[in-house]
Amino acid sequence: MKELLIISAIGTDRTGLVVDITRAILDCGGNVLESRMTALGNEFAVLLLVSGHWHTLAKLESEFKKLGESANLAISIRRTLERPARPDFLTYSLDAVCLDQPGVLHKLACFFSSRGIDIGDVSTRNFLAA
């Protein structure tokens, strides 16, 4: 039976960081189901959902402790279950463009939460206007 593991890793941005992380998963027999990766400041953040048999996940937990020390990464690992289907939910997508100000994301989260709307994915970025 396949089990799921969430791996988050944050370290100084460098070429080859994703190679090191994905090589460890492949060498242990895991499979990346979902991923989010981005540069944040001078750091690089990786969030992965990995599947594998129980012994694969045990190897991954051990291997990522070593990788964290050798590659100077802050690593967090958590076992999880598959998200159940939600046929009664509608999926929406929202793009909001506004002037940057403190609290914008918090206000959007409050708007959705007060209406019982779950947030499945959020991505924000800041850029200079023309």
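Rules of the game
- Residues numbered from 1 in each chain as written.
- Predicted model: local features only at pLDDT ≥ 70, side-chain atom pairs only at ≥ 80, totals over all residues.
- Heavy atoms only, no water.
- Helix = DSSP H or I, 4+ residues; strand = E, 2+ residues; numbered from the N terminus.
- Expected span 1.5 Å × (residues − 1).
- Buried < 20%, exposed > 50% of the residue type's maximum accessible area, 1.4 Å probe, protein only.
- Arc of directions from axis to C-beta.
- pLDDT = per-residue confidence, 0-100.
- Pairing = 2+ DSSP bridges.
- Axes fitted to C-alpha atoms, helices over the stretch in contact; angles between N-to-C directions.
- Contact = heavy atoms within 4.5 Å.
- Core = buried A, V, L, I, M, F, W, Y, C linked by side-chain atoms within 4.5 Å.

Trainee: Explain unusual backbone geometry to me, using residue names and the numbers behind them.
Mentor: The phi torsion at asparagine 72 lies on the positive side, around 55°, for a residue other than glycine. Positionally, asparagine 72 belongs in the loop between helix H2 (54–70) and strand E4 (74–80).

Trainee: Tell me about H2, residues and numbers included.
Mentor: Since there are 3.6 residues in each turn of an α-helix, residues three or four apart along the chain are aligned in direction. Helix length check: H2, at 17 residues, gives a terminal C-alpha distance of 25 Å against a target of 24 Å (1.5 Å per residue), a fit within 8%. Every buried residue of H2 is accounted for by Thr56, Leu57, Leu60, Phe64, Leu67 and Gly68. Within H2, the buried residues cover an arc of 100° as seen down the axis, which keeps them to one side. Opposite the buried face of H2, at more than 90 degrees from it, the exposed residues are Lys65, Glu69 and Ser70.

Trainee: For the confidence of the model for the protein chain, give the residues involved together with the corresponding values.
Mentor: Averaged over all residues, the pLDDT of the protein chain is 92; the fraction at 70 or higher stands at 99%. When the elements of the protein chain are averaged for pLDDT, helix H3 (residues 104–114) gives the smallest value, 93, and strand E3 (residues 43–52) the largest, 98.

Trainee: Before we move on, can you summarise the sheet that holds strand E1 (residues 3–12) with the specific residues and values?
Mentor: Ordered by their spatial adjacency, 4 strands build an open sheet running E2-E3-E1-E4, and the pairing between neighbours is antiparallel. Of all the strands in the sheet, just strand E2 (31–40) and E4 have a single pairing partner and so form its edges. On average, each strand axis in the sheet is tilted by 10° relative to the strand beside it, whichever way the strands run. Where E1 meets E4, 7 bridges bridge the pair, whose relative direction is antiparallel. Counted as the bridge partner of leucine 4 is threonine 80 from E4. On top of the sheet, helix H1 (residues 17–28) reaches E1, E2 and E3; it is set at about 15° to E3, its chief contact. Against the sheet, H2 contacts E1, E3 and E4, and its axis sits at roughly 165° relative to E4.

Trainee: Go over the nonpolar core with me, naming the residues and quoting the values.
Mentor: In this structure, Ile21, Ile25, Leu60, Phe64 and Leu67 are the most contacted members of the largest nonpolar core, which totals 18 residues. When contributions to this core are tallied by element, the ones reaching two or more residues are E1, H1, E3 and H2. Broken down by element, this core gets its largest block of residues, 5 residues, from H1. Excluding residues within four positions of it along the chain, isoleucine 21 makes contact with Ala9, Val46, Leu48, Phe64, Leu67 and Leu73.

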